[in-house]
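The lines below spell out each chain.
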Amino acid sequence: MNRNRKWTLLNVFATLGLLIGGFGFTQAKAETIDWHVQNIFVPGSLPNVILFERMPELIEQATNGRLKIIEAKGLVKYPQILDAVRDGRLKGGSVPLAYVGGMSPADVTDLPGMFNDEASRIKWINETGYHDIIKEELRKQFDIEVMLNFEMGYDAVFFVDPVRTFDDFKGKKIRAFGRHTLVVLEHLGAAPLNVPWGEVYLGLETGLLDGAITGLVSGVGSNFHDKGKHIFYGELGGATTMIFPVSGEAWRALPDDLKPKVQQVFDELQAEYEARSVGWTEKLMDKARADGAEIVFPTPEELAIIEPAAKRLANEWRERVAKVGYEIPNVWKEYLTERGLWDE
């Protein structure tokens, strides 16, 4: 082989090597991980802004496009989101803790009779380390990673006709939300109904429903107060705690160099939510009033009427969490005893 031909072959092989190597590098760089997640929040609400306007962009920036958050609309019904995250149909989603009732101790803050007002509720959550406790418990029980917590305030009842006291609940057809509100409504002599979220507005409009329980954020955001202009706001079945979990499998599969970057984004979003949600309930009430709604608050004497139902639910909760093998923290036991919710 002459010298020129030898150098020509070497150049060919070198060029091919560069092309192959470059192709492989380009392919590796182009690979992305897609997390399909489902939303339960109404457009325009602060949690929706955090999760589905801010989060996808921030995650993509932090990971240089290697992780993408994709909203999967309508893949499963809202009560099935947690199951879909656990079995892999979704990588994440927004979930009310009311939907884990019967399976986990996480819904302790939804028990009626736990708190006097929203301020005392937030104080208890912060002082007892509730979110950290629940995060660990849900990880062990469901193999999920809770990335965000949204404290949404008490549920409200949107009534078509004026309601002043609990006596006015009697005989009313009211859309319930979770077991706690179901038991309380039955105790008050109402007729609770299981109505899908998407049918609530029409139910209020057509008379199928006399009222509907949902979070104040969701109800005002979905304009329930157009038809249910009489809003009863107080502790009827607890308050709405929402979480954003991702599947444990999806989190473990995330490359190690991406985990701290993704976690930092979620930490920053949590701080942003907590800062921006201050005074949020009052702003929603102001909007509802400006739109012609009235808001009624139960008195302490009124709330005393639901104490038997609250005590029943607290004891059901204690039996339920014992069956799943959960050891109730002492700080929780002391508080529930102090509130008179244990059946000793």
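Before reading further, recall that the structure is shown in the block above.
Scope of this entry: the structure provided in the associated data block. Fair warning: this is a prediction, and the values are worked out from it, not measured in the lab.

Bringing unusual backbone geometry into the picture now. Unusually for a residue other than glycine, Asp143 sits at a positive phi of about 55°. Within the secondary structure layout, Asp143 lies in the loop between helix H5 (130-142) and strand E5 (144-159). Given the relative accessible area of 33%, Asp143 is considered partly exposed. Notably, Asn223 is not glycine yet its phi reads approximately 65°, a positive angle. Note that Asn223 resides in the loop between helix H8 (216-221) and strand E9 (230-233).

Computed from the structure, the second largest pocket encloses a volume of approximately 460 Å³. Counting only elements with at least two residues in the lining of the second largest pocket, the list comes to helix H4 (118-127), E5, helix H10 (259-276) and helix H11 (280-290). At 6 residues, H4 tops the list of elements feeding residues into the lining of the second largest pocket. Across the lining of the second largest pocket, the residue classes tally to 9 nonpolar, 8 polar and 5 charged.

Take the pairing of strand E8 (residues 211-215) next. Of all 5 residues making up E8, 5 are buried, and the element is well covered by its neighbours. Examined bridge by bridge, E5 and E8 share 5 bridges and lie antiparallel to one another. Looking at the pairing, Asp155 lines up with Gly215 of E8. In terms of strand pairing, strand E6 (residues 173-175) meets E8 through 2 bridges, oriented parallel. Residue pairing for E8: Ile174 is matched across the bridge by Gly211.

On to empty space enclosed by the protein. Across all of its chains, the model carries 1 cavity of 30 Å³ or more by this definition. The volume enclosed by the largest cavity comes to roughly 200 Å³. Only E5, E8, H8 and strand E10 (239-247) provide two or more residues apiece to the lining of the largest cavity.

Moving on: the packing of aromatic side chains. Counted under the stated rule, the structure contains 21 aromatic pairs. Plain terms: the ring middles of Phe169 and Phe232 are 5.1 Å apart, the flat faces sit at 80° to each other, and that makes the pair edge-to-face. One end of the pair, Phe169, is in the loop between E5 and E6; the other, Phe232, is in strand E9, with 63 residues separating them in the sequence. Across this residue pair, the class does not change: Phe169 and Phe232 are buried. Among the aromatic side chains, those forming a connected cluster through ring pairs are Phe115, Trp124, Tyr130, Trp317, Tyr326, Trp332, Tyr335 and Trp342.

Relative orientation of the contacting elements helix H2 (residues 46-62) and H10 amounts to 150°, with a least axis distance of 10 Å. By the angle class used here, H2 and H10 are roughly antiparallel. Handedness of the H2/H10 crossing: right-handed. Of the residues in H10, those touching H2 at Leu46, Pro47, Val49, Ile50, Arg54, Met55, Leu58, Ile59 and Ala62 are Lys261, Val262, Val265, Phe266, Leu269, Glu272, Tyr273 and Arg276. Across the contact of H2 with H10, the residue classes break down as 13 nonpolar, no polar and 4 charged.

Formed by 103 residues in total, the largest nonpolar core has its most connected members in Phe150, Phe169 and Phe244. In terms of residue count, E5 provides more of this core than any other element does, 11 residues in total. Discounting chain neighbours no more than four positions away, the residues touching Phe169 are Val157, Phe159, Val163, Ile174, Leu185, Leu188, Gly189, Ala190, Phe232 and Leu236.

Moving on, we get to the pattern of salt bridges. Counted by the stated rule, this structure contains 22 salt bridges. Where Asp87 meets Arg89, a salt bridge forms, and the shortest distance between an N and an O atom there is 2.9 Å. Asp87 gets classed as partly exposed once you look at its relative accessible area, which sits at 49%. Take Arg89: its relative accessible area is 44%, and that puts it in the partly exposed class.

Secondary-structure assignment places Lys172 in the loop between E5 and E6. The side chain of Lys172 is buried and forms no salt bridge, while Asp161, the nearest opposite charge, is found at 5.8 Å. Contacts of Lys172, omitting those with residues within four sequence positions, involve Phe159, Ala190, Ala191 and Asp210.

Time to look at the environment of Leu97. Note on placement: Leu97 falls in the loop between strand E4 (95-96) and H4. C-alpha separation for the pair Leu97 and Thr109, spaced 12 residues apart in sequence, amounts to 9.1 Å. Sequence-distant contacts of Leu97, defined by excluding residues within four places in its chain, comprise Ala106, Asp107, Asp110, Tyr130, Leu138, Thr241 and Ile243.

Each value, and the rule that gives it
Residues numbered from 1 in each chain as written. Predicted model: local features only at pLDDT ≥ 70, side-chain atom pairs only at ≥ 80, totals over all residues. Heavy atoms only, no water. Helix = DSSP H or I, 4+ residues; strand = E, 2+ residues; numbered from the N terminus. Buried < 20%, exposed > 50% of the residue type's maximum accessible area, 1.4 Å probe, protein only. 1 Å grid on protein atoms, 1.4 Å probe; cavity = no way out; pocket = protein on both sides within 12 Å on 5 of 7 lines; lining within 4 Å. Points joined across faces, edges and corners; volume = space filled by probe spheres on them. Nonpolar A, V, L, I, M, F, W, Y, C, P; charged D, E, K, R; others polar. Pairing = 2+ DSSP bridges. Phe/Tyr/Trp six-rings, centres within 6.5 Å; stacked < 30°, edge-to-face > 60°. Axes fitted to C-alpha atoms, helices over the stretch in contact; angles between N-to-C directions. Parallel < 35°, antiparallel > 145°, perpendicular 65-115°, else oblique. Left-handed = near helix turned anticlockwise from the far one by under 90°. Contact = heavy atoms within 4.5 Å. Core = buried A, V, L, I, M, F, W, Y, C linked by side-chain atoms within 4.5 Å. Salt bridge = Lys/Arg side-chain N within 4 Å of Asp/Glu carboxyl O. Lys, Arg positive; Asp, Glu negative; His and termini not counted.

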